[in-house]
2 protein chains.
Amino acid sequence: MHYQNLINIITDALPTLNKSESKVAKAILADPESATRSSIASLAKKAEVSEPSVNRFCKRFDTAGFPDFKIKLAKSLVAGVRFVNRNVDANDTVESYTPKIFDSTINDLALVRDSISHDVINDVVDQLIQAKRIYFFGLGTSGAVARDAENKFFRFNLPVSFHDDVLMMRMLASTGAAGDVFFVISHTGRTKEIIDIAKIASNNGAMVVALTTPASPLAAMSSIALEVDVPENTDEYMAMTSRIVHLVILDVLATGFTLRRGPDFLPHLAKIKNSLKPTRYQKDS
Amino acid sequence: MHYQNLINIITDALPTLNKSESKVAKAILADPESATRSSIASLAKKAEVSEPSVNRFCKRFDTAGFPDFKIKLAKSLVAGVRFVNRNVDANDTVESYTPKIFDSTINDLALVRDSISHDVINDVVDQLIQAKRIYFFGLGTSGAVARDAENKFFRFNLPVSFHDDVLMMRMLASTGAAGDVFFVISHTGRTKEIIDIAKIASNNGAMVVALTTPASPLAAMSSIALEVDVPENTDEYMAMTSRIVHLVILDVLATGFTLRRGPDFLPHLAKIKNSLKPTRYQKDS
DNA sequence: CAACATTACGTAATTTAATAACGTATTATT
DNA sequence: AATAATACGTTATTAAATTACGTAATGTTG
């Protein structure tokens with residue numbers, strides 16, 4: 001049921017297309033939004049090809065024809081804003097920068113959703129289920145992610161802690177052993193301290209799960225790497241969306257964990273949830 | 001530029017429609033996904049009306065005609081999961097629960113994006129710009145959000161701290177004064193301790209900004225409330241997406257802050273960014 | 001409640017859009 | 001260089017959508 005973003009598909013296919021097809025592709029990618037509003041005739045004119053070429057192009061991408069293609073393209077555009085310029089600039093107002101930031105976050109989530117390896121997720125859930133103890137490590141922004149992870153995973157009735165102090169991390173890593181999972185979160189995957197610490201844990205026979213960027217030193221040395229490829233923000237104004245993606249991946253892992261534990265585990269979760277009731281003012285309605 | 005979900009619009013308009021129009025509406029709402037794939041003729045047949053009636057129906061909803069309507073409807077279906085069951089259940093596999101969790105997060109972000117008040121955001125940015133000092137307060141999950149906020153806002157060269165310890169919060173609130181902004185984050189907006197603390201700060205003349213649920217006690221007592229209405233998760237398996245939304249809103253505020261400070265401020269941000277370089281292994285390429 | 005006006009909606013006609021069929025040109029293959 | 005295969009445009013055909021128009025139903029006013 002899950003579509004991969006049509007724009008990505010077209011972009012990927014670009015080198016394999018022949019002349020007129022790539023003309024069509026470029027015309028669409030130049031302004032996908034307007035493509036959804038134009039007729040086959042106007043798009044053909046814009047791409048400087050014949051109408052049947054556009055039609056053939058559409059069929060090549062597993063659509064019934066041009067109208068069907070337009071609908072699929074329109075769907076891709078909702079979550080996917082990759083080709084629309086959504087960078088915040090100095091002239092932006094609240095009305096314009098607010099949706100831009102939401103959209104770029106949404107877009108990154110959609111990209112990762114469609115690209116993340118389910119096998120790796122499964123493997124990580126396996127490791128977490130077997131773990132005798134879990135440590136979540138992160139510095140800076142990733143420290144906040146690690147903290148959130150602790151808050152989520154301690155509910156699973158096993159020893160979980162988070163750390164954002166490199167000395168504590170180092171000591172804990174040095175006492176690591178088989179059965180321990182060191183869940184290391186780092187956007188860049190290049191922070192020296194973090195990699196050192198992960199290596200210590202790994203050398204002690206502990207499992208190191210890395211939530212980080214592909215092809216980074218941390219990913220390379222870890223036992224399992226959850227690789228998240230979120231475009232680096234070169235833009236001064238733009239927020240770092242990788243931490244959001246990391247949080248959602250931790251949600252996915254927690255869900256996988258809960259499902260693996262089976263329905264007998266649900267009452268335990270409910271107990272924890274209910275424990276907070278007395279700390280709150282109840283709703284009157 | 002931002003559309004409200006077509007399905008909601010149609011549902012809302014249902015009582016105002018006349019006989020054949022409501023037939024069309026019902027036919028579409030019964031299976032919106034298939035409506036995007038059918039021709040005007042087949043939809044007319046399904047709704048037991050004439051083709052022009054379908055066409056008139058489309059035009060009533062601010063679309064150029066049937067094809068345009070289908071595209072807008074298709075877009076609505078992507079972000080809108082209202083009619084698609086996206087709840088995780090015990091039979092889900094990695095392949096199915098992973099996109100579900102991403103999608104529900106994306107959906108909540110889209111809902112807030114389209115409903116959040118830009119005026120309130122502007123007001124909050126005003127307050128943050130004027131602030132002599134900012135405190136981010138949160139407990140549990142919101143503690144992680146507060147921590148992330150500190151990490152973001154300290155870059156702005158003003159005294160910022162985050163706290164997740166109620167005693168510390170209480171003491172700080174009691175020393176609060178005009179010029180201080182207490183940025184209080186709480187998903188429920190009903191945590192007694194947090195509300196107490198916010199009241200202390202408020203009574204001392206400090207500004208209390210609440211990031212919380214509408215119509216909650218915290219929202220009611222705050223100076224400004226950033227109200228985020230994310231459906232409560234009754235589902236045992238489902239993650240809490242409100243914290244993600246909160247993080248994105250903080251991104252929006254930070255962006256608003258940066259823009260308000262103007263371009264002269266950018267070198268300062270670059271300096272902080274560069275300060276981390278020596279802690280990392282550099283890329284070889 | 002009749003006469004008129006207005007709105008609702010279908011039939012038929014027209015226009016527009018999309019696709020299929022076919023043929024020529026270009027490029028690859030031996 | 002000859003042949004095959006692919007690429008792509010022109011023309012023809014079909015399908016889809018829209019407009020124009022007329023009748024029926026409903027509402028309004030004297």
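Residues numbered from 1 in each chain as written. Chains lettered and ligands numbered in written order. Predicted model: local features only at pLDDT ≥ 70, side-chain atom pairs only at ≥ 80, totals over all residues. Heavy atoms only, no water.

Draft legend 1. The arrangement of the domain arrangement of chain A in detail. Domain annotation for chain A reports domain 1 (6-79) and domain 2 (118-273). Each of domain 1 of chain A and domain 2 of chain A was reduced to a C-alpha centroid, and the two centroids are 41 Å apart. (Domains from an automatic or database assignment.)

Draft legend 2. Examining the pairing of strand 2 (residues 160-163) of chain B more closely. Burial along strand 2 of chain B is two-sided: B:Val160 and B:Phe162 and B:Ser161 and B:His163, pointing in opposite directions, are all buried. The β-α-β motif built from strand 1 (residues 133-137) of chain B, the intervening helix 9 (residues 141-153) of chain B and the parallel element strand 2 of chain B has right-handed crossover chirality. (Buried < 20%, exposed > 50% of the residue type's maximum accessible area, 1.4 Å probe, protein only. Helix = DSSP H or I, 4+ residues; strand = E, 2+ residues; numbered from the N terminus. Right-handed = clockwise from strand over helix to strand, strands pointing away.)

Draft legend 3. Region of the structure containing the protein's contact with DNA strand D. Neighbouring residues of DNA strand D: 17 residues in total, closest A:Asn18, A:Ser53, B:Ile40, B:Asn55 and B:Lys59. The protein-proximal atoms of DNA strand D, defined as those within 4 Å of the protein, are 76% sugar or phosphate. Here a phosphate oxygen of DNA strand D sits 3.4 Å away from a polar atom, N or O, in the main chain of A:Lys19. B:Lys59 is positioned with one of its side-chain polar atoms (N or O) 2.4 Å from a phosphate oxygen of DNA strand D. Only helix 2 (19-30) and helix 5 (51-60) of chain A together with helix 5 (51-60) and helix 6 (66-79) of chain B provide two or more residues apiece to the surface near DNA strand D. (Near = heavy atom within 4 Å. Polar contact = N/O pair within 3.5 Å; in protein donor to acceptor, adjacent residues only side chain to side chain.)

Draft legend 4. Seen up close, the pairing of strand 1 of chain B. Residues and elements named next belong to chain B. Strand 1 sits mainly inside the fold: 4 of its 5 residues count as buried. Sheet analysis places strand 1 next to strand 3 (residues 180-185), joined by 5 bridges and oriented parallel. The residue bridging Tyr 135 from the neighbouring strand is Phe 182, located in strand 3. Note: strand 1 against strand 2, 4 bridges, orientation parallel. Note on strand 2: the bridge partner recorded for Phe 137 is His 163. (Pairing = 2+ DSSP bridges.)

Draft legend 5. Main features of the interface of chain B and chain A. With 77 residues of chain B at the interface, the matching set in chain A holds 75 residues. In this assembly, chain B and chain A are joined by 10 salt bridges. Salt-bridge contacts for A:Arg113 lead to B:Asp103; the nearest nitrogen and oxygen are separated by 2.5 Å. Here chain B is connected to chain A by 14 residue pairs in polar contact (both at pLDDT 80 or more). When residues of the side of chain B that touches chain A are traced back to their parent elements, those giving at least two are helix 6, helix 7 (94-115), helix 8 (118-130), helix 9, helix 11 (192-203), helix 13 (242-261) and helix 14 (266-275) of chain B. Of the residues in the side of chain B that touches chain A, the class split is 36 nonpolar, 18 polar and 23 charged. (Contact = heavy atoms within 4.5 Å. Salt bridge = Lys/Arg side-chain N within 4 Å of Asp/Glu carboxyl O. Nonpolar A, V, L, I, M, F, W, Y, C, P; charged D, E, K, R; others polar.)

Draft legend 6. Local environment of the protein's contact with DNA strand C. Neighbouring residues of DNA strand C: 17 residues in total, closest A:Ile40, A:Asn55, A:Lys59, B:Asn18 and B:Ser53. Counting only atoms of DNA strand C within 4 Å of the protein, the fraction found in sugar and phosphate groups is 74%. Residue B:Ser20 places a side-chain N or O atom 2.8 Å away from a phosphate oxygen belonging to DNA strand C. The side chain of B:Ser53 places a nitrogen or oxygen atom 2.6 Å from a phosphate oxygen of DNA strand C.

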